[in-house]
Amino acid sequence: MLPPVEEIKTQIEAAIPGATVTVISNGSPSAQHSLLLDHAHARAVAEFLRDHAEWRLDFCSLMTGVDWPDTETSEKIKVKKLVKAADGSESEQEVDEVRKTKVPGRLEAVYHLFSMEKKHGPVILRMRTADRGEGTHLPSLTPVWRSAEFQEREAFDLYGIVFDGHPDLRRILMWDGFVDYPMRKDYVPPPDDAVLPEVHS
Amino acid sequence: MADDLKELKIELSKNGIFTTTLEELYNWGRKNSVWPLTFGLACCAIEMIATTMARYDLARFGAEVFRPSPRQADLIIVSGTVTKKMAPQVVRLYNQMPEPKYVIAMGACAISGGPFRDGYNVLKGIDRYIPVDVHIPGCPPRPEALIHAFMTLQKKIEDQALAGADRPRHLNADLPSEFPVPSFGAHGLEPSSNRDIFTDATGNPLKVIQ
């Protein structure tokens, strides 16, 4: 049987020096918590999970991309400020101020691992890119699980995640000259394509 | 045919004399042997196959011979979602068919993109690139609907005049029988529609709301 994710994380970090694994908890009833891997050790962690004598996670059933666009959160905080009253006198009062925090977007790759031999799973791995612009590189796990090959190509095609170490990274669904990433949340279809002709409206 | 001639013809047939015109005979022959292209795109193709099988039996209308080559086909039934990646091939197949040739756009996807209309990968109706003779709504249309479309096409063929200004395209050397194949652009198909084909009833190109 698979131990809880926290135990898997501890064992990974014990076995691979320098690897940082973060548990991302899932609050829904399924409680499928996942493990966030760092880029440098992802390949080693994947091989460790695949070859582990008791876990034998030999099958990657799913690999997909997730787009997290840039978000802005705003929170109200109370700040002490000097306020001028109508008669010209100044006094210190508590004033509400809205503070906005920008959370930069990123792309994420998710892998669902099962064991054919031990009949258990899933263990969910995640990797995050630095941003959504230039730094969309992630290490490929295709050398560890061949089943990820086409799905990593799909994530490259539709999300623009570049998998370093992938044996054959080309677009798989869209044509070669296509420049957009249609599954990103800020994708805008070409203008005369997205709307209804007058006759239909 | 003039009305008095028609009356004469009916009158003669009442007396056991059968008359016809060259136009009628020619169109009668054409409409009863329309050979479709063996060409299916999605789930509508399953209904098209069912239409040809024993229960619905499209052979009753002379269309049982689905030809495996566009060079031998008279009719292309666009049965299913046309993806942008597939669209140039559909136009190319149509171009390879000899005149006279006809198009049935079968199902919501082929006529407008259907439920996948807002998809980045879906062509919003094959009538953007090739002239469609009969549109069938439905998702998917039942075999009866395809048969009805086929009978509508037969009626259309029957009514085509062999001479005169409104003669069909295959008898008018000035009208094109091939249409430009769209190419894969950076953001979508280029051009996004054929302005000569994608028109309203009066022949004006359809405007697209920006």
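Everything that follows concerns the structure shown earlier in this document.
Residues numbered from 1 in each chain as written. Chains lettered and ligands numbered in written order. Predicted model: local features only at pLDDT ≥ 70, side-chain atom pairs only at ≥ 80, totals over all residues. Heavy atoms only, no water.

Draft legend 1. Spatial organisation of the nonpolar core. Membership of the largest hydrophobic core comes to 40 residues, with the highest contact counts inside it found for Ile12(A), Leu35(A), Leu49(A), Tyr111(A), Leu113(A) and Leu125(A). When residues of this core are traced back to their parent elements, those giving at least two are α1 (5–15), β2 (34–37), α2 (42–51), β3 (59–68), β6 (106–115), β7 (120–128) and α3 (149–159) of chain A. Among the elements that take part in this core, α2(A) stands out by supplying five residues, more than any other. In this structure Leu125(A) touches Leu35(A), Leu37(A), Leu49(A), Ala109(A), Val110(A), Tyr111(A), Leu113(A), Leu141(A) and Trp145(A), once residues within four positions along its chain are discounted. Residues Ala73(B), Val82(B), Met97(B) and Val132(B) belong to the second largest nonpolar core, which totals 23 residues. (Core = buried A, V, L, I, M, F, W, Y, C linked by side-chain atoms within 4.5 Å. Buried < 20%, exposed > 50% of the residue type's maximum accessible area, 1.4 Å probe, protein only. Helix = DSSP H or I, 4+ residues; strand = E, 2+ residues; numbered from the N terminus. Contact = heavy atoms within 4.5 Å.)

Draft legend 2. Region of the structure containing the sheet that holds strand β3 (residues 134–136) of chain B. Residues and elements named next belong to chain B. Pairing is parallel in the open sheet, where three strands are placed in the order β1-β2-β3. This sheet does not close on itself; its edge strands, each paired only once, are β1 (75–79) and β3. For this sheet the average axis-to-axis angle between neighbouring strands, irrespective of direction, equals 15 degrees. Judged from the three bridges that link them, strand β2 (residues 102–106) and β3 form a sheet pairing that is parallel. Across the sheet, the residue bridging to Ile104 is Val134, located in β3. (Pairing = 2+ DSSP bridges. Axes fitted to C-alpha atoms, helices over the stretch in contact; angles between N-to-C directions.)

Draft legend 3. Fine view of unusual backbone geometry. In the segment running from Cys139(B) into Pro140(B), the intervening peptide bond is cis, with an omega of -15 degrees. Inspection of the secondary structure puts Pro140(B) in the loop between β3 and α6 (143–158). The backbone of Ala31(A) shows a phi angle near 50 degrees, a positive value even though the residue is not glycine. Within the secondary structure, Ala31(A) is located in the loop between β1 (21–24) and β2. Looking at Ala31(A), the relative accessible area reads 37%, which means it is partly exposed. Unusually for a residue other than glycine, Lys119(A) sits at a positive phi of about 55 degrees. The topology assignment puts Lys119(A) in the loop between β6 and β7.

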